[in-house]
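# Structural overview
Chain by chain, the residues:
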Amino acid sequence: MRLEDLDYELPRELIAQYPPPRREDARLLVVERAHGSLNDSRVTALAALLREGDVLVVNRTRVRPARLTTLRRPTGGRVVLLFVRPLTDSGTAERWQVLARPERHARAGAVLEADGGALILEVVRSAPGEGPQVRVLHGDLQSTLARAGEVPLPPYIRRPPAAVDRERYQTVFAEVEGAVAAPTAGLHFSRPLLGSLERAGVRMVSLLLHVGPGTFRPVVAADPREHRMDPEYFELSATVAETLRSVRAGGGRVVAVGTTVVRALESACDAHGGQLGAAAGWTRKFILPPYQFQAVDALLTNFHLPRTTLLLLVAAFAGEPLLRSAYRHAVANRYRFYSYGDAMLVL
């Protein structure tokens, strides 16, 4: 496939800058693969759109306040760090992979301080294409992030993080801190909506995939198959794997809430020769057309940026021609796009 085949024009005002008043207030474009049909609906109608016996699979990762402004010693130059993931370190100092802006001010040997000197960091490695690594010289990183860190909103949200983001850029089922971006399809669920689904006979189970910045990195290779994903940690328990196998055997559908859930489920299948089973570890799973899905029957997802691995995954699931039609329809009907925007249900 060609990346440019999935490009689309998006008026800037359709990029959602704030969440809707309620989580479930988003619009929902229902895409039927069997008939190629597109139907406008609402997230509040999910219980009617799904069937008794279906199971929702959600991602229970929690976004850490991972963006921290630091000052470079002794010049006082400002360096903004994004704490991506902790690294195994043979010493006693806590060590992290980070992204830095500007990166030229975070070369190996640089000393950075934050929160009035309560936290002091040293850049211990800065390799091109990998981002810097830092270690904690003084202070407690986790308490500093909790106190002074910001929610790492994506760059297309053109405003500083606000108090509302501390709650609304987390799903209601977020439990395990470790992501630098929200699994945004899950942001549409509230406790009342989950209750309506349960009453309709739709179960919910969870897995874990800590979303990293690489998920959103543009695909720039002329041949998209040459793109390399950054590693992300995932876990699928034996109990959940057995539940999903049982649901499918009984005629129910596995409904993935978001592309991160799809990647975790398909990674778990890869670990067991195509059969869904318990799995945990780091995945670089990259899904693009053509692809034979092993564990997913339906997908709830937000609208995604062009030339991203997210859009390629949805194209593989929905089919490229139908996806192009769906995005044209969404733009023409002024759906709201991206993290705080509306959603699409591919059946």
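Before going into details, it helps to say that this report is about the structure given with it.

Thresholds, definitions, all that
Residues numbered from 1 in each chain as written. Predicted model: local features only at pLDDT ≥ 70, side-chain atom pairs only at ≥ 80, totals over all residues. Heavy atoms only, no water. Buried < 20%, exposed > 50% of the residue type's maximum accessible area, 1.4 Å probe, protein only. Helix = DSSP H or I, 4+ residues; strand = E, 2+ residues; numbered from the N terminus. Pairing = 2+ DSSP bridges. Lys, Arg positive; Asp, Glu negative; His and termini not counted. Salt bridge = Lys/Arg side-chain N within 4 Å of Asp/Glu carboxyl O. Contact = heavy atoms within 4.5 Å.

### Notes on the pairing of strand β8 (residues 111–114)
Here β8 shows a buried face lined by L112 and A114 and an unburied face lined by V111 and E113. Direction of pairing for strand β5 (residues 67–73) relative to β8: antiparallel, over a ladder of three bridges. Its bridge partner lying in β8, R72 is registered against L112.

### A closer look at unusual backbone geometry
Looking along the chain, the bond that leaves R73 and enters P74 is cis, with omega of -5 degrees. By the element assignment, P74 lies in the loop between β5 and β6 (77–86). Note that the residue after R101, namely P102, is joined by a cis bond; omega there is -5 degrees. For P102, the location among the structural elements is in the loop between β7 (95–101) and β8. Positive phi, normally seen in glycine, also occurs at R307, with a value near 60 degrees. Mapped onto the fold, R307 is located in the loop between β16 (298–302) and α7 (309–318).

### Quick word on the side chain of E320
Locating E320 in the fold gives a position in helix α8 (residues 320–332). Despite its burial, E320 remains without a salt bridge, the nearest opposite charge being carried by R324 at 4.3 Å. Not counting the four nearest positions on each side in its chain, E320 is found in contact with M1, P289 and A315.

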